[in-house]
Amino acid sequence: MALYLKENLTFDRAQMVVESDGEGNGKNLYMKGIFIQGGVKNANERIYPVSEIETAVQTLNEQIASGHSVLGEVDHPDDLKINLDRVSHMITNMWMDGPNGFGKLKILPTPMGQLVQTMLDSGVKLGVSSRGSGNVEGDGRVSDFEIVTVDVVAQPSAPNAYPTAIYEGLMNMRGGAKVFEIAREASADQQVQKYLREGVLRLIKDLKLK
């Protein structure tokens, strides 16, 4: 039976680059970098052979080419299910560069996507976490690997630190639920966008993500 596998990469380890294709409210925001590392034992004592990553990357790209939307979330749940209320981005493509699987994701104008965009605009360094399935041999080598998606996670403050749950942090802060509901209904209303930005900046300060 295949296991649920997730692997975290910080902003720096993922060599993450944030870029946009426009200016002002019409711009699309992207994150690009290493989505999963191959050929080395990672923090979870697992080794992803380069051949396994190549196959998984090819399969994911075939899904995208066939019209399948590969959606990702803010933080990672404890299973492979995609929760639509937590979706923040979609993966546009992946490719191999050396032993690593690189990829590019587009931030979506969803409530969680707006949280991610505000954090990135404010200078917060966000990492990524791959979610997939596979078998793990006794020496830690992964076989039959499949990438389901890649999530956006907060930068751990120390090695092996579990990322702060952005969604839970928002729900627990004063007025957080109201910020989330307004974000859900936000459109081109500048006053709504201003309230959202102020709320998220309070969240950043409370979580000490900077």
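Residue positions are given per chain, counting from 1 as you read along its sequence in written order. The predicted origin of the model limits local features to residues at a pLDDT of at least 70 and limits the giving and counting of side-chain atom pairs to 80 or more, whereas totals for whole chains, interfaces and linings rest on all residues. Each side-chain value is derived from all of the structure's non-hydrogen atoms; neither hydrogens nor water enter the calculation.

**Q** Whenever I open this one, the nonpolar core confuses me. Can you help?
**A** Across soluble globular proteins, you tend to see nonpolar side chains buried next to one another. Residues belong to one nonpolar core when they are buried, are Ala, Val, Leu, Ile, Met, Phe, Trp, Tyr or Cys, and are joined through side-chain atoms within 4.5 Å. Relative accessible area decides the class of each residue, using a 1.4 Å probe on protein chains only: under 20% of the type maximum gives buried, over 50% gives exposed, and in between gives partly exposed. Formed by 35 residues in total, the largest nonpolar core has its most connected members in Met31, Leu126 and Phe145. Listed by contribution, the elements that provide at least two residues to this core are strand S1 (3–9), strand S3 (29–36), helix H1 (50–65), strand S5 (87–97), strand S6 (100–107), helix H2 (111–121), strand S7 (126–136) and strand S8 (142–154). Here a strand is any run of E in DSSP of at least two residues, a helix any run of H or I of at least four, and the numbering for each starts at the N terminus.

**Q** Just checking my understanding: could you explain unusual backbone geometry for this structure?
**A** One can expect most non-glycine residues to show negative phi and most peptide bonds to be in trans. Within the chain, Gln15 stands out as a residue other than glycine whose phi angle is a positive 50°. One non-glycine residue, Glu45, lies in positive phi territory at about 65°.

**Q** Please explain the environment of Ala154 as it appears in this structure.
**A** If you trace the backbone, Ala154 turns up in strand S8. Spatially, the C-alpha atom of Ala154 lies 8.6 Å from that of Phe11, the residues being 143 residues apart in sequence.

**Q** Would you mind showing me how to read the packing of aromatic side chains here?
**A** Each pair of aromatic rings taken from Phe, Tyr and Trp, with Trp reduced to its six-membered ring, is defined by centres within 6.5 Å and is described as stacked if the planes are under 30 degrees apart, edge-to-face if over 60, and tilted in the remaining cases. In this structure the tally under the stated criterion is two aromatic pairs. On the basis of an interplanar angle of 70° and a centroid distance of 4.8 Å, the ring pair of Tyr48 and Phe145 is categorised as edge-to-face. With Tyr48 in the loop between S3 and H1 and Phe145 in strand S8, the pair connects residues that are 97 residues apart, well separated along the chain. With relative accessibility at 7%, the residue Phe145 sits in the buried group. Relative to Phe102, the ring of Trp95 has its centre 6.2 Å away and its plane inclined at 25°; by these criteria the two rings are stacked. The ring centre of Tyr30 lies 4.5 Å from the NZ or CZ of Lys104, which sits over that ring. We call a charge positioned over a ring when the NZ of a Lys or the CZ of an Arg lies within 6 Å of the ring centre and within 35 degrees of the ring normal.

**Q** How do you make sense of the pairing of S3 when you look at a structure like this?
**A** Look at any regular strand and the pattern is simple: side chains alternate between the two faces of the sheet. Counting buried residues in S3 gives seven out of eight residues, a clear majority hidden from the surface. Note: strand S2 (residues 17–20) against S3, four bridges, orientation antiparallel. When the sheet's bridge partners are listed, Val17 is paired in S3 with Lys32. Pairing between strands is defined by DSSP: at least two bridges between them are needed. Pairing geometry for S3 and S6, over six bridges, is antiparallel. Looking at the pairing, Ile34 lines up with Phe102 of S6.

**Q** What is the right way to look at the confidence of the model for the protein in this model?
**A** Should pLDDT be low for a region, the predicted coordinates there are not to be read in detail. The predictor rates its confidence in each residue with pLDDT, a number between 0 and 100. Averaged over all residues, the pLDDT of the protein is 78; the fraction at 70 or higher stands at 70%. Low pLDDT (under 50) marks residues 156–168, which in the prediction has 24 contacts with non-local residues, meaning those over four places away or in another chain. Here, residues are in contact when the closest pair of their heavy atoms is within 4.5 Å.

**Q** Which parts of the structure should I look at to understand the sheet that holds S8?
**A** Note: strands within a sheet are paired through backbone hydrogen bonds, in either parallel or antiparallel orientation. With respect to topology, three strands assemble into an open sheet ordered S1-S7-S8, the strand pairing being antiparallel. Of all the strands in the sheet, just S1 and S8 have a single pairing partner and so form its edges. Here the average twist between neighbouring strands, direction ignored, is 25°. As judged from the ten bridges shared by S7 and S8, these two strands associate in the antiparallel manner. Residue pairing for S8: Gly127 is matched across the bridge by Val153. Each axis is a line fitted through C-alpha atoms, taken for helices only over the stretch in contact, and angles between the N-to-C directions span 0 to 180 degrees.

**Q** Help me understand the pairing of S5 in this model?
**A** In the sheet, strand S4 (residues 70–73) pairs with S5 via four bridges, with the strands oriented antiparallel. Following the sheet pairing, Gly72 is matched in S5 by His89. Sheet analysis places S5 next to S6, joined by eight bridges and oriented antiparallel. Paired with Asp97 across the strands is Asn100, a residue of S6. Hairpin connection of S5 to S6: two residues between the antiparallel strands, including Gly98 at a positive phi of 65°.

**Q** Mind showing me how you'd approach H2 here?
**A** The α-helix winds at 3.6 residues per turn, so residues separated by three or four positions along the chain end up facing the same way. With nine of eleven residues buried, H2 is to be regarded as a mostly interior element. Considered for burial, the residues of H2 that qualify are Pro111, Met112, Gly113, Gln114, Leu115, Val116, Thr118, Met119 and Leu120. One or two residues past the end of H2 sits Gly123, with phi positive at roughly 90°.

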